[in-house]
Each structure stands twice: as structure tokens, then as C-alpha cells.
Amino acid sequence: MLAIKKKVKVAKNSRLAPDIYSIWLEAGDIARYALPGQFVSLYCRDGSRLLPRPISICETDRDMGVIRLVYRVVGKGTKELAGLAASDYVELMGPLGRGFVPEGKKAMLVGGGIGIPPMLELAKQLSCEKQIVLGYRDVTFLDNEFYPYGKVYISTEDGSVGAKGNVIDAIKANKLEADIIYACGPTPMLRGIKEYAEKMGIRAQLSLEERMACGVGACLGCVCKSTYTDSHSHVNNKRICKDGPVFYAEEVEL
Amino acid sequence: MLAIKKKVKVAKNSRLAPDIYSIWLEAGDIARYALPGQFVSLYCRDGSRLLPRPISICETDRDMGVIRLVYRVVGKGTKELAGLAASDYVELMGPLGRGFVPEGKKAMLVGGGIGIPPMLELAKQLSCEKQIVLGYRDVTFLDNEFYPYGKVYISTEDGSVGAKGNVIDAIKANKLEADIIYACGPTPMLRGIKEYAEKMGIRAQLSLEERMACGVGACLGCVCKSTYTDSHSHVNNKRICKDGPVFYAEEVEL
Amino acid sequence: MNTSVTIAGVRFKNPVTTASGTFGSGMEYADFVDLSRLGAVTTKGVASRPWEGNSTPRVAETYGGMLNAIGLQNPGVDVFIERDLPFLKKYDTRIIVNVVGKTIEDYCEVVERLADCDVDMLEINISCPNVKEGGIAFGQSAASVEHITREIKKRARQPVIMKLSPNVTDISEMAKAAEAAGADALSLINTITGMKIDVARRSFVLANKTGGLSGPAIKPIAVRMVYQVANAVKLPIIGMGGIKDAEDALEFIMAGATMVAVGTANFFNPYATVEIIEGIEKYMADNGIDDINDLIACVK
Amino acid sequence: MNTSVTIAGVRFKNPVTTASGTFGSGMEYADFVDLSRLGAVTTKGVASRPWEGNSTPRVAETYGGMLNAIGLQNPGVDVFIERDLPFLKKYDTRIIVNVVGKTIEDYCEVVERLADCDVDMLEINISCPNVKEGGIAFGQSAASVEHITREIKKRARQPVIMKLSPNVTDISEMAKAAEAAGADALSLINTITGMKIDVARRSFVLANKTGGLSGPAIKPIAVRMVYQVANAVKLPIIGMGGIKDAEDALEFIMAGATMVAVGTANFFNPYATVEIIEGIEKYMADNGIDDINDLIACVK
Ligand SMILES: Cc1cc2nc3c(=O)[nH]c(=O)nc-3n(C[C@H](O)[C@H](O)[C@H](O)COP(=O)(O)OP(=O)(O)OC[C@H]3O[C@@H](n4cnc5c(N)ncnc54)[C@H](O)[C@@H]3O)c2cc1C
Ligand SMILES: Cc1cc2nc3c(=O)[nH]c(=O)nc-3n(C[C@H](O)[C@H](O)[C@H](O)COP(=O)(O)OP(=O)(O)OC[C@H]3O[C@@H](n4cnc5c(N)ncnc54)[C@H](O)[C@@H]3O)c2cc1C
Ligand SMILES: Cc1cc2nc3c(=O)[nH]c(=O)nc-3n(C[C@H](O)[C@H](O)[C@H](O)COP(=O)(O)O)c2cc1C
Ligand SMILES: Cc1cc2nc3c(=O)[nH]c(=O)nc-3n(C[C@H](O)[C@H](O)[C@H](O)COP(=O)(O)O)c2cc1C
Ligand code: FES
Ligand code: FES
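Residues numbered from 1 in each chain as written. Chains lettered and ligands numbered in written order. Predicted model: local features only at pLDDT ≥ 70, side-chain atom pairs only at ≥ 80, totals over all residues. Heavy atoms only, no water.

Asker: Summarise the overall build of chain A; cite the residues concerned and give the values.
Answerer: Summing up its helical and strand segments, chain A has five helices and 16 strands in all. What you see for chain A is a C-alpha radius of gyration of 17 Å, in line with the 18 Å of a compact globule of 254 residues. Split into buried and exposed, the 254 residues of chain A put 59% on the buried side. Put simply, 60% of the contacts in chain A that link residues at least 6 apart link residues at least 24 apart. Entry remark: accessible area of chain A is about 10,500 Å², with carbon and sulfur atoms responsible for 48%. Here chain A contributes 34 positively and 30 negatively charged side chains, and the mean placements of these two sets differ by 2 Å. (Helix = DSSP H or I, 4+ residues; strand = E, 2+ residues; numbered from the N terminus. Rg over C-alpha atoms; globule rule 2.2 N^0.38 Å. Buried < 20%, exposed > 50% of the residue type's maximum accessible area, 1.4 Å probe, protein only. Contact = heavy atoms within 4.5 Å. Areas by Shrake-Rupley, 256 points an atom, 1.4 Å probe, with all protein chains shown as cover. Lys, Arg positive; Asp, Glu negative; His and termini not counted. Charge placed at Lys NZ, Arg CZ, Asp CG, Glu CD.)

Here is the structure:
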């Protein structure tokens, strides 16, 4: 589906944990065509904030035509979002970018912090064997919703829930194996996953993040370093919004 | 009362005529201390619009602590205002400026177009004999609410209601006399009133309008030409927001 | 009703183009708007060979605007000619190619490579604040504006638009220099150099420290400069800087622009270009204006 | 926690003052904030005799900002000394008097009249875009900045702040010229020349056609210029341009400003100055900063 921009209605907006919210939006076709790992761009109501807020799709309900986003309030845009109530409207563009590509027989899904939400729809859609590794700083969220889809390993930095440490610690401690890793989270985590995957000879798909302006590949604002000359840019840059956000680990430098 | 800026709750917002709205605000002390002819400055929610929208106080209910504003939707700020519903909040500063000063035994209250609203509270508060002249382009509004307070003369430019013509035509046609005229309306109307009052030897208090930035007398954005050197500015300028909006006709050049 | 305008002999079906660098070569926005509706597509800056651009973060939001320090990443003129130009030729729109370089030779190389190509106009970017060499350096003194314009005019087969920088004391001096050297048209304004600091992290938001400010925030400055330049030279002007709707576009036209370009607005409204064209048509209909040319520089 | 800063030997209890022309002589805003809370009050421009200013409309709203063309209306230095100064002396705050003139002699006359007055600093406005003579004309070339600074320094009893215009190609050249001529401090930025056209009426919104752009919209430009100047000269800087909250103020301080001035923000939040002081204190407490001076120019 080509991306569109439109006003969509809020079906529900609720708090999951301190500063973490979950919003369901009546997004129609966007819900029907979006793939796990794709994202939408949300626009603020307040005209002083013009740029889109990219948020990954956490879940889709194709029949109902709704999508779910789970987001952390970090600034004014996400604060505005947290203030929306059912039947309010929000402007949104999507579906954007390239999502995860299903492959392999035994998958490891790794989410760190606010990188966890996109793993949920992926977990739902993947039909292979799944191990799910979720890393948090302290308070957990969404973890319960992963149990139906595979074995869940939780790590927290302060050790308050699950294993103490980060997701790499959890993977190593549990000697997890897989033929494909899907990961989303902060760059240091992705770097760790890339290294681990290389060492173990596992393929890895990583979802990256960068500041965006257009969200559709036109402005070249959101590039990451690519290992080889990119076929579109003809330099060692790939656009996260258009060519990603999901890349194979070997395609990008972190 | 010193002016304050605060968030106030909308009690009611309704449409009186095409593009003309009436809003009641729970303004507390502002309602208790405001005088007829004073105004409030309303701020937009949308951060791209920063300057205050000055709106005259149309009515106050001191016991309830509410004020009423009647406004025409002309741009984005007043459009935003028209979209507010009961129990929404709006940011407001007031009471601002100097209002009408009661004087004389027989008064003429003249309002033109969106200059009509401030005459209502004045009509309510003046205890002398009152003749009320209201001029409209075509559709009338608020006129019914004036009947309890005096004899009402209506003129419309297209002649659809009352006498055809402007308020000066109506005054002349009815040979209205008074020892004080209070007027608010577009500059050409005020100019006509000033001339008429001079010719007839009637005192006149006129409420003027100008683009404002601060609304409190600090920026010197909203001046009008004064007949004599002004005691504050030491030039022939008076600040409409602070020294007015109501001036004696002989004080200002129009 | 006539909405077409002519600049240096090139006729545009309407006065709306895209601001260089905000619309790629049109591919991405073709999903949102029919490029054949546009008066022209102005491409991202094209250099003689591929440029990597700056490190990220390259963009930052500011109050009513944004900063960018892309650093003119582009695939180079060869890829442009082989891939982007054929794509654009599929649409019924004019093509304006934005040209960048680090040296005058660089610029000239691109201009010469484009000489035999089917492009309608060249826009020479001497005003990019985000590259260390070239860019704005050529656009901040009348002498260098004149020099580079002359060198390019010697080689260009297509009419030449010089794109001026707002980061100058008197933009009309730059306009006069370009005119004296034979430029066919002017476009203004490029971005204004700005900076944002992340107070929590106590660091610059952009990797490049500074970036170019664009978007609605800068519109009053852009309108003033268009008015100033329109009153200083006879050249037609493509006006830009913060245009987000038809009213904004009309401000530029009334101030003296023959065409307008839509930039940052594409980012918050991908339909902006076409909505602006429709809005101008509506304004003309509502106000009984038969010819858009009657509005150009009508406010004096 | 120390929030006090010192400029040219003058100690300010905190780094927040008001931007000239947005706060009158403090009287009007004294209803909203306790002037004794402020580091200083900077007054509206004062001339040797009363000035009428420009015709109305003098102000216009723009996206995230505003235009003004007040034209330096002021009651003249005599009224200032008799009425405004005694009013300000009632408060425990520093007084910075903004000085304007049409000729160098005008400026010098005001400076001399103020020589024996109890004011703490003089801010010389050579950057007002809204008057035909004087103002910005003195601020757009290094030679004239140097000349006027030297003349004023000869006569001034109080430390002199030169207020620079952003409407220049390279503001650091102006800063260096002021420094060379003996200025004690710099303040920047004044407003940026802009224009707004009323499309429905096909006319300028401001009677003066152009006006000075201020407010949040211009902040990135102002921060960049403060950074640039801080890296070009040793003089302390009073930074301004679009500051509306403590975060904005801290951006300027981290970019190199010793003090900041709050201007247009007063118009949409009359409590802005004091809220900013409180916000800076909170930032310092939250981040374990004992001395505000440690934050000045901390981002390099
Ligand atoms: C592909 C992608 C997917 C994302 N998915 C999610 C998600 O599912 N849930 C979630 O909570 N967050 C997600 N983020 C991060 C999210 O975009 C930012 O947290 C959000 O934009 C912050 O906006 P703000 O106005 O609250 O913050 P502010 O800091 O006020 O924003 C200022 C500007 O910076 C940009 N910005 C700030 N932080 C980031 C960031 N981390 N990444 C990109 N831009 C940023 C904003 O978009 C805005 O333009 C994702 C980012 C990307 C690139
Ligand atoms: C003392 C005073 C009392 C007023 N009382 C009333 C009233 O009771 N009812 C009413 O409907 N209107 C009143 N007005 C006019 C009202 O202020 C404007 O219609 C309103 O500000 C328009 O805002 P906008 O955002 O809808 O329009 P826009 O045109 O989008 O506003 C843009 C800017 O121009 C200013 N502006 C536009 N028109 C005017 C105007 N006529 N006067 C002053 N500023 C203007 C706005 O405040 C804003 O800063 C009064 C004006 C003044 C000065
Ligand atoms: C992300 C981005 C990239 C840009 N790239 C270029 C460019 O390659 N060449 C150029 O001449 N101008 C470039 N510009 C400047 C725009 O063409 C335009 O002059 C400026 O943004 C002002 O218009 P706006 O406010 O409508 O965006 C770029 C602007 C942005 C925001
Ligand atoms: C209404 C108004 C009047 C001003 N008058 C003066 C003045 O008299 N002298 C001066 O040096 N600057 C004057 N300025 C400029 C401000 O002091 C300040 O430099 C500028 O507005 C940028 O700051 P801001 O964005 O916080 O307003 C004026 C600005 C405004 C908005
Ligand atoms: S955000 Fe514009 S290219 Fe990705
Ligand atoms: S609006 Fe500032 S003085 Fe009246």
C-alpha cells in the first residue's frame, strides 16, 4: 500500500506504565496493509511543532481497521499524544518504511525499552518457533502480551524483574540459539546484537532510529551509514524512513 | 483591580448569527471588577499564534463570577475560540483598559456591528435615560437583549431590519438628543459620531480599536493620535490598550 | 483564468514549484501528488559526483520551523541523468535542476553535463549554509556572485536561476550582481543559518552544530527579501521560505515573485503543492482575477 | 547556588533582564511580576527628545512570532530621568537604559544626560530596523559600529553595551569592531527585518511596510549568532531573541551568553521573566550546578 496522510480517530488511549502509553487508532487501510516493523508518522495539533513523530506499529487489527501504538512520553509531541482521549482525532501518515521479513525456522525476537512494541505484531505474525527477549531499565510493560507467542525472557538493568542486566546478558545466560534475530532498541543494544549475531553466524534484522523530517525518503535527513555503496543514494548512506527502518545487520554500520 | 492572566473555564459558547458567537467564561474576580467598556485579551491554544486577541466585555455577572464576550469569527484566533465547548479552558488576561465613565442625564448608546457587544453591559449599568442605536450591515444580533434598558433604534445598511442606512442616519432621522454619547464601532462610524457630537455640542465617549501586542501599555503598538501632547507619552499618541479603549471625542483624532 | 507564467522564455502551467532538497527528484512525493499538476519540479542539489553529506542528526525541529544540515548529499549528476531525469520526463511538468559544487569548476562541470539534457532551467545554489566548501561562500559577496554567475552563464545551455542566500546584509546587492552577470532569474531565499542546543544533554542537536532554518517561522523575512529584490532588479523571481498554503504563496507573488516554491511544508503536508495550486485558483476565482500575472508585485 | 553574574564590573543577582521595548520602563509589568526579582530591567529606547514613532498598524502577528514597527516612540530622556528612573529605583534591580538616536550627536546627548544618573549600564541600540535615520544604519558596517562605539565610549560614565543587528552577513565582524572600539559588552540580537502582506486587502499589514521580526520563530538564528560572537570576541554577551522559557534561556547561556533578555514572550506571558528565573534555578538544582557561571559557553 502506498502511504497516505489522514486524520484518524482515537479508539482508546491508556497508560501502561509511568510515561508509557498505548493508543488504538481507527486507521482503516493503514491497519489492513501495514506490516510488522513498519511505522507511522504522527503530526502534532499545535502548529508550533511541525515535524512528524515516527512511531512503530505495535499491533494491527485488520478486521477492525485499527492499529495500536505504544509510546513513551519524552517531549512535547508525545505529551500531546498522551492527552488525547477516545474520539479525538490525530493526523497521521503511513504505513511507512520496510518492516521485518519473515524467514528461518527458529527466531529470536529482541526488544529493548521502547523498541519492544514493534516486536508484538511480529510475534503474532511469525509462525515459526519463537524466543522473545525483552529488556527494560526497571518497570516492565507489554511483557504479559508476549506470552501467547513464545518463550519470554525478561531482563531489567536493576534486576527488579527477570534477569539483571541487558538483553545480551539474557541471551548469553540462557544460551539462546536461533537462525534469525529480529531486534529493535537503542543503538548500543543493536550494536551488541549485531556483534553477537556475527559471532554466532545468525542472520539479524535490526530496526534503527534517527531524527526525521519528511518520513518518506525525500529529505535525506534520517540516514544511517551503510556498509556498501547504497543503490539509491550512491554513497554509503541509507534512508532509515524509506530503505529501513529494518535492515540486515551486515548492511549497516552502527 | 490589577489585571491578571489566567486559565478560565468556558461556561457556554453559542452562535448568535452567522459568524457571531457568544461565550460565557468563569472569570472569577475579573467578572467582579470589570467595568463596561473594558476588555480582556484572549490567547490562542495553538502556539503558532502568540498575540492576544482583545475582546470587549459584553456582560458581567458579578455574583456568578462570569463574563460574556460576543465576537465575530474573522480569522484563525476567533475561529479557534468558536470551537470551544463548555468546560474547555481558555487563557485570558484582564480586565484591561479604561471603560466608559457614567455621566449626564440623557444618554445615547451607539453600537456599530461588532462594536455593539460592549454597549450591553453599559446599558445595564447606566441608570439615566437611555436611547440605544444599533447599526448592522444586514443580520442583527443582540438587539433583543437591549430592549429592557431603553428605546432601541436599529439601522441596517441593506434596510432589511429597521431603518436603511447607518447609525448616523438613524440618529438624524429620529432627531435624537442627549447630553452624552457612548459609542463603539468601526472608525468611519466613530468619526461620524465625533462630528455629530461636536456639531450638536454633546459630549462623546468613543471606544477605539487597534492591533495590539502586549495589551497592557508597554509595547506602544496600539496607539492612536491624540489631539494634545499626551501626559504619558509626551507626544501626540495615546495607548488604546491602557489609556483607552474609551476616549473622549475631543481627546483623539480619528 | 490564466495561471501560467513565463520565466526567461520558459512557460510554466502554474506558478508553483518545489523547493530544492525538500522533494528529492519527485519520486517519493509522486505517491501523494500528481507531479503533472505542478508548474515545475525543482530537484535536490546535484553535484558533479556523489556526495555523502553530513553526519546525523541532520534535522531538528524548531518553533514553527526546522533546521537541516543535510550537507547536500546527492548521487551525482550521472545518476541524476540516468535515473531521475527519465523518471521526471514521464510527467507533464517543467524540470528545474538545482546545481551545487565545491569549486566553480564543479558547478561548471554539472552545468556542462546537463547542457544536452532535456531540462528546462538550472538553479545554481550558491547559498547552502551546510557545507564547508562552496555553497554559501559564493553567495555572500557581490563580487563572487557576479563571478560565478558569469562563469556559469558562459557554459549553460538552459536559462540560469541564481539562488540567493538570506545570510547577507543587503540581498539586493547580490541580486544586482547576478543580474549584471547575466542571470536569467533569481530564487530566494535559501535557509538562514541557525543553531539548536539540547539543554538536557548540553550539546548541539545537529552533528554539524549549525543548520539552515526553514519553514513558516522564516516567511516574513523571505517576503521582505523578495519585495526588496523585486524593487532592485528586473529579473523574475522564484520566491520561497515558509510557504505552507495558498495565502502564503500569494503573499510572495504580491510582493514580486513570478513563481513560488514549496519546501518544508511538504514534510508536514505531502499534499501541500497541489493544495496551494488549487487555493490560488480559488482566490483568483473569488476575486475576479483573470490572469495570475496581474497579481505579481501588485503590492507596492 | 549562585545565580549571579557580573558584566563589566556590574553584578546582577541573576542573568535575566528584559529586552528593550517590550517592557516599557517596567511600570506596566510591575502589576504582574515583582521587578525586584529581575537581574535587571532594560528600558525602552530613550532619545534626546520625545519621538512620535511610526503610524499604525505597528504590530502584526506572524507564525511563531511577530513584526513590530513602533519606530522608537519614546518620551525623551528628560521625562525618562524625571519619571521612569525614580520609579525603577524603588526596586532592587539593575537598570540598563537603551539609547537611541538619529545621529551620533543624538546618541551622545543621551549618554551625556545620563552620565550623572543612577543607572547601571547603557545599551546602545544601533540595530533598530524601523526608523528611517539612525538605528540599524549604524549597525550594518564594521566601520560605523567602530566609529559610533568610540564616540559613545568617550562620553559614557556607565559601562556600554552595543546592541547588534542580525541583519548582516557576518555578525562577528560587528562584534569585533565594537570590541576594538572599547565596548564593555554586547547584546544580540535585535529584530530581523520582515514583511507581511494582507492578501485579502492586497496591501502591507504594517503602515511602515516592513517591521522587525521577533519571538520564538527567530530563536535558532539568535542562538547561532550568540555562539558565533562568543567565539569571536572576549566581551560578555546579553543574549536575546525568542526566549520564552528557562530552556530557551539556558540555550543562550550554554551558547555563550552571560545574561539573557526576555522580549516578545512578555506579550504572551506577562509572568515570563520570573518563571524563567525560577526555571533556571530548578535546572541548576536538578542538575547539581552550583554556579550559573559554569554553564556559560559550556557547549563548544
Ligand atoms: C522508526 C522509528 C520508530 C519509532 N517508534 C517508536 C515507538 O514505537 N514508540 C516510541 O515511544 N517512540 C518511538 N520512536 C521514537 C519517537 O519518534 C520519539 O520519541 C518522538 O518523536 C519524540 O517526540 P516528542 O515531541 O515527544 O519529543 P521532542 O524531543 O520534543 O521532539 C523534538 C523532535 O525530535 C524528534 N525526536 C525526538 N526523539 C526522537 C527519537 N528517539 N527518534 C526520532 N526522532 C526523535 C521528534 O520527532 C521531533 O521532531 C521511534 C522513532 C523512529 C525513528
Ligand atoms: C479593544 C478592542 C476590543 C474588541 N472587542 C471585540 C469584540 O467585542 N468582539 C469582536 O468580535 N471583536 C472585538 N475586537 C476585534 C478583535 O480583537 C479581532 O477581531 C480579533 O483579534 C481577530 O483575531 P483573529 O485571530 O480571528 O483574526 P486574525 O486576522 O487572524 O488575527 C491576526 C492578528 O491581528 C489582530 N487583529 C485582527 N483584527 C483585529 C482588530 N479588528 N482589532 C485588533 N486586532 C485585530 C489579532 O488580534 C491578531 O493579533 C476588539 C478589538 C479591540 C482592539
Ligand atoms: C531538508 C532540506 C534540504 C535542502 N536542500 C537544498 C538543496 O539541495 N539545494 C538548495 O538550493 N536548497 C536546499 N534547501 C533549501 C530550500 O530549497 C528552501 O530554499 C528553504 O528551505 C526555504 O524554503 P521553505 O521554508 O519552504 O523550506 C533545503 C531545505 C531543506 C529543509
Ligand atoms: C515591540 C518591540 C519594541 C522594541 N523596541 C526596542 C527598542 O526600543 N530598542 C531596542 O534596542 N530593541 C527593541 N526591540 C527589540 C528587542 O529588544 C529584542 O532585541 C528583540 O525583540 C528580540 O527578542 P525577542 O524575540 O525576545 O522579542 C523591540 C522589540 C519589540 C518586539
Ligand atoms: S526523513 Fe526524510 S529521508 Fe528520511
Ligand atoms: S498593545 Fe502594547 S501598548 Fe497597547
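There's plenty left to go through after this.
Asker: Tell me about the sheet that holds strand β15 (residues 237–240) of chain C, and please be specific about residues and values.
Answerer: All names here are of chain C. Read from one edge to the other, the open sheet built from eight strands follows the order β3-β16-β15-β10-β9-β8-β7-β4, with strand pairing classed as parallel. Among the strands making up the open sheet, the edge pair consists of β3 (16–18) and β4 (40–42). Neighbour-to-neighbour, the strand axes of the sheet open up by a mean angle of 25 degrees, direction not taken into account. Where β4 and strand β7 (residues 94–99) come together, three bridges link them in parallel fashion. Among the inter-strand pairings, T42 is bridged to a residue of β7, identified as I96. Along the sheet, helix α8 (residues 272–286) makes contact with β3 and β16 (259–262), crossing β3 at roughly 165 degrees. (Pairing = 2+ DSSP bridges. Axes fitted to C-alpha atoms, helices over the stretch in contact; angles between N-to-C directions.)

Asker: I'd like a description of the relation of the copies chain C and chain D, backed by residues and values.
Answerer: In screw terms, the move from chain C to chain D is a rotation of 180 degrees and a rise of 0.0 Å along the axis, fitting with an RMSD of 0.0 Å. Such values leave the two copies arranged in the relation of a two-fold axis. (Least-squares fit on C-alpha atoms with pLDDT ≥ 70 in both.)

Asker: Residue-level account of the environment of G242(C), with values.
Answerer: Residues and elements named next belong to chain C. Residue position: G242 is located in the loop between β15 and α6 (246–255). In the structure, G242 is positioned 28 residues away from S214 in sequence and 6.3 Å away in space, judged by C-alpha atoms. Residues contacting G242, with those up to four places away along its chain left out, are G215, P216, I218, K219 and D248.

Asker: Quick rundown of the site of ligand 4? Include the residues and the values.
Answerer: Residues and elements named next belong to chain D. Close contacts around ligand 4 come from 22 residues, with S20, K163, G215, G242 and T264 the closest. One of the backbone N or O atoms of G45 is found 3.2 Å from an oxygen atom in ligand 4. The separation between an oxygen atom of ligand 4 and a polar main-chain atom of I189 is 2.9 Å. When the free accessible area of ligand 4 is taken as 600 Å², the share hidden by the protein chains comes to 98%. Within the shell around ligand 4, the residues separate by chemical class into five nonpolar, 15 polar and two charged. (Near = heavy atom within 4 Å. Polar contact = N/O pair within 3.5 Å; in protein donor to acceptor, adjacent residues only side chain to side chain. Nonpolar A, V, L, I, M, F, W, Y, C, P; charged D, E, K, R; others polar.)

Asker: Can you lay out the interface of chain C and chain D for me, pointing to particular residues and giving the numbers?
Answerer: Counting residues at the interface gives 42 residues for chain C, matched by 42 residues for chain D. Taken over both partners, the interface formed by chain C and chain D buries close to 3,600 Å², and the fraction arising from carbon and sulfur atoms is 70%. Of all residues in chain C, Y63(C), V199(C) and R202(C) bury the most surface against chain D, accounting for 19% of the area lost on that side. At the surface where chain C touches chain D, the tally comes to zero salt bridges. Along the contact surface separating chain C from chain D lie 13 residue pairs in polar contact (both at pLDDT 80 or more). (Buried area = accessible area lost by both parts, 1.4 Å probe. Salt bridge = Lys/Arg side-chain N within 4 Å of Asp/Glu carboxyl O.)

Asker: Go over the pattern of salt bridges, please, and point to the residues and values.
Answerer: Taken as a whole, this structure holds 71 salt bridges over all chains when the rule is applied. Across the pair E146(C) and R150(C) runs a salt bridge whose closest N-O atoms are separated by 2.7 Å. Of this pair, E146(C) and R150(C) both sit in helix α3 (residues 142–155), four residues apart, roughly one helical turn. Accessibility expressed as a relative area gives 28% for E146(C), which makes it partly exposed. Of the charged contacts in the structure, one is a salt bridge between E278(D) and R37(D), with a shortest N-O distance of 3.9 Å. Taken together, the positions of E278(D) in helix α8 (residues 272–286) and R37(D) in the loop between β3 (16–18) and β4 (40–42) put the pair 241 residues apart, joining distant regions of the chain. Residue E278(D) is classed as partly exposed on the basis of its relative accessible area of 42%. Taking the relative accessible area as the measure of exposure, R37(D) reaches 27% and is therefore partly exposed. Connected through shared salt-bridge partners, E59(A), R68(A), E121(A), K124(A) and E145(A) make up one network.

Asker: An account of the pairing of strand β8 (residues 106–112) of chain A is requested, with residue identities and associated values reported.
Answerer: All names here are of chain A. For β8, the buried fraction is high: six of the seven residues fall into the buried class. The pairing of β8 with strand β9 (residues 129–136) spans seven bridges and is parallel. From the neighbouring strand, A107 faces β9, where its bridge partner is K130. Between the parallel pair β8 and β9, the chain is carried across by helix α3 (residues 117–125), and the sense of this crossover is right-handed. In this sheet, strand β12 (residues 180–184) lies alongside β8 in parallel orientation, the contact comprising five bridges. The residue bridging L109 from the neighbouring strand is Y182, located in β12. (Right-handed = clockwise from strand over helix to strand, strands pointing away.)

Asker: How would you sum up α3(A)? Please name residues and give values.
Answerer: All names here are of chain A. Judged by how many residues are buried, α3 sits mostly within the fold: seven of nine residues are covered. Among the residues making up α3, those that are buried are P117, P118, M119, L120, E121, L122 and A123. The secondary structure elements touched by the buried residues of α3 are β4 (53–56), β5 (59–61), β6 (66–72), β8, β9 and β12.

Asker: Just give me the short version of the environment of S20(D), but keep the residues and values in it.
Answerer: Residues and elements named next belong to chain D. By the secondary structure assignment, S20 is in the loop between β3 and β4. For S20, a relative accessible area of 16% gives the class buried. Considered as a pair, S20 and T43 are 23 residues apart in the sequence and their alpha carbons are 5.2 Å apart. Apart from the residues lying within four places of it in its own chain, the contact partners of S20 are T42, T43, K44, G45, N98, E123 and K163. Of note is the side chain of S20, whose polar atom sits 3.4 Å from the backbone nitrogen of G45. Only 3.3 Å separates the side chain of S20 from the side chain of N98, close enough to count as a polar contact.

From the geometry alone we can't say anything about function, so treat these as descriptive.
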